[in-house]
Amino acid sequence: MSHAEIAAPPRAFGQTMRRDVWWLQPALVFCGLSIFIVYSTWAAFQGANYFFGNYVSPFYSPELFGSSPHSWFGPKPGWWPNWLLFSPALLILWAPGGFRLTCYYYRGAYYKAFWADPPACTVGEPRSTYWGERSFPLIMQNVHRYFLYIALIFIGILAYDVWKALWFANGFGIGVGTIVLAINVVLLGGYTFGCHSLRHLIGGFRDNLARSTTSFACYRCVSCLNKRHMLWAWMSLFWVGFSDLYVRLCSLGVWHDFRII
Amino acid sequence: MSDQTVHFKIWRGDAKGGGFRDYSTECTEGMVVLDAVHDVQREQAVDLACRWNCKAGKCGSCSAEINGLPKLMCMARLSELPTEKPITIEPIKAFPIVKDLITDVSWNFEVKKRIKKFKPRPPDAPDGTWRMQQEDIDRVQEFRKCIECFLCQDVCHVLRDHHLHDRFIGPRFLIYAAALEMHPLDVEDRTDELRNAHGIGYCNITKCCTKVCPENIQITDNGIIPLKERVVDKFYDPLGWIWRAWKKKSDRTRKP
């Protein structure tokens, strides 16, 4: 049967017979992601108030170059152009940003919420042309697994930040900030270790899954996290933003970090 | 739901055109949309065409769009639908209309013929039998629950809105391909076709297919995305190419 025989009249943008509030979910995704993008961009360009004692904001970790005691390689490098605004966050945020941008869950969510492609299931679209992820630019989404490799390294670095957050000037302790940063690592870990690409790379690529016991055990763990990938994605997104806000407000003296131990 | 009169708007027409017509029928406890359509057919519109068979959600014949959402009429309980306004019943949209609620879904069967068939490895035992792990079979068994109702094909915007039937095989046949591709005995490689002729890149992961599946098959997460990853392995991952080439070489040298 040819394509022409199947063709039915196209529907106008937003046209649907649905009676439910189909626009609510894409609207919430639009608002949630927009708020995060605006806040994280603002926070990344600040270049200040991103650490408080032994706490460092996850937006700025690893701090490759910077003026804080958490910096790995010292202050702003001499080769950095004067005309270009410097912030330690700008050196690293492309990696977690790219990981989320190319994430299978977020792709489906922002295609609907930001590009109306489609606005929701069985709801008319604004455009008649469609390329999908077959050609440029969306074919670049296939780079996701490379962002995953970097994201896994970041999880290790953020876990080390939690370790550092346990050691205050007067020795071992636990503050509210320590718990905030620890929850951040758990949520980011839940999101990263439930990644669809990781699920494939850890064992899903095999047809004989159970042949390797270790690989199969890992595959099952990743699959378990993957079932709630959307939930992990949103919780970790919210919490990483909140962690930055917590450190920032403590640094500004607006909030006081309460020491539990 | 106590006995009450429920109003319906049922699409009537054929390939040349048509529109909604109003019907009302008495509905009782436990009725589904297909029961109401049968009541209308029996009492008010004997020429109303609708396809059905098992009335148990297993044959996949009575697919339709109820209040704008693709569903099996035999599994859509009237008690779960709002009855303040007439309930709309339409044929599925991704395929040509034959009459009233019936569409011509034969394109799907033509597509199925284009997918490379099951090709098992040589038998594991001298008696011609194979050995498989239950866990390996469990993964593809999920896809074999498909009843071919084609609701996923209907809701997929690539077919429904963009009519790319000649370039994209749709979610139903992506999971059909997944069931073969991930089978522990199968040695056929379908990734070239998946990327090119079957157009897996057209899927933009809206998950609408998963939402409407009456068998609750995780079409996107367990079928389409793993296939996309296999396509990435073969066509878009240079590090993967090096790793596999090295592994192949080391496997070869290890063998006596």
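Whatever comes next refers back to the structure up there.
Small disclaimer: the values here were computed from a predicted structure and weren't measured.

A.B. asks: Hey, could you go over the overall build of chain B for me, with residue numbers and the actual values?
C.D. replies: The helix and strand inventory of chain B stands at 10 helices and 7 strands. Over its C-alpha atoms, taken along the principal directions, chain B stretches across nearly 80 × 40 × 30 Å. Here chain B, with 256 residues, has 55% of them falling under the buried criterion. Excluding contacts between residues fewer than 6 apart, the proportion of contacts in chain B whose partners are at least 24 apart in sequence is 61%. Total accessible area computed for chain B in this model is approximately 11800 Å², and 54% of it derives from carbon and sulfur atoms. Across chain B, the 41 positively charged side chains and the 38 negatively charged ones have centroids separated by 7 Å.

A.B. asks: Any chance you could break down the interface of chain B and chain A for me, citing the residues and the numbers?
C.D. replies: Facing 62 residues of chain B, the contacting portion of chain A comprises 50 residues. There are 5 salt bridges connecting chain B and chain A. With a shortest N-O distance of 2.7 Å, A:R145 and B:D237 are connected by a salt bridge. Elements that contribute at least two residues to the side of chain B that touches chain A include exactly β4 (69–72), β5 (87–90), α2 (106–114), α3 (134–141), α5 (157–160), α8 (208–212), α9 (219–235) and α10 (238–254) of chain B. Sort the elements by how many residues they give to the side of chain B that touches chain A and α9(B) lands first, with 9 residues.

A.B. asks: Which residues make up the pattern of salt bridges, and what values do they have?
C.D. replies: Residues and elements named next belong to chain B. Tallied over the entire structure, the rule returns 33 salt bridges over all chains. Linking K58 and E215 is a salt bridge whose minimum nitrogen-to-oxygen distance equals 2.6 Å. Here K58 is found in the loop between α1 (33–43) and β3 (63–66), whereas its partner E215 is found in the loop between α8 and α9, with 157 residues between them in sequence. Judged by its relative accessible area of 53%, K58 falls in the exposed class. The exposure class assigned to E215 is buried, which follows from its relative accessible area of 12%. The partner of E188 in a salt bridge is K116, with the nearest N and O atoms 3.7 Å apart. Of this pair, E188 sits in the loop between α6 (170–181) and α7 (191–195) while K116 sits in the loop between α2 and α3, and the two are 72 residues apart along the sequence. Counted as one network, the salt bridges with shared partners bring together E65, E90, K93, D154 and R160.

A.B. asks: Quick rundown of helix α8 (residues 196–204) of chain A? Include the residues and the values.
C.D. replies: The buried fraction of α8(A) amounts to 7 of the 9 residues, a majority that puts the element mostly inside the structure. Among the residues of α8(A), A:H196, A:S197, A:L198, A:R199, A:H200, A:G203 and A:G204 are the ones counted as buried.

Quick notes on the rules
- Sequence order sets the numbering: in each chain, residues are counted from 1 along the sequence as written.
- By the order in which they are written, chains take letters starting at A while ligands take numbers starting at 1.
- Residue-level local features of this predicted model are given only where pLDDT is at least 70; pairs of side-chain atoms are given and counted only at 80 or more, and the full residue set underlies all totals for whole chains, interfaces and linings.
- Water and hydrogen atoms were dropped before computing side-chain values, which therefore reflect all heavy atoms in the structure.
- Helical segments are the DSSP runs of H or I of at least four residues, strand segments are the runs of E of at least two, and each set is numbered from the N terminus.
- Partly exposed describes any residue whose relative accessible area lies between the buried limit of under 20% and the exposed limit of over 50%, with all areas from a 1.4 Å probe on protein chains only and scaled to the type maximum.
- Note on definitions: a residue-residue contact is assigned when non-hydrogen atoms from the two residues lie within 4.5 Å.
- Using a 1.4 Å probe, accessible areas were evaluated by the Shrake-Rupley method; residue-level cover was limited to the displayed protein chains.
- Under the convention used here, Asp and Glu are negative, Lys and Arg are positive, and both His and the chain ends fall outside the count.
- Note on charges: their place is set at NZ of Lys, CZ of Arg, CG of Asp or CD of Glu.
- The term salt bridge refers to a side-chain nitrogen of Lys or Arg lying within 4 Å of a carboxyl oxygen of Asp or Glu.

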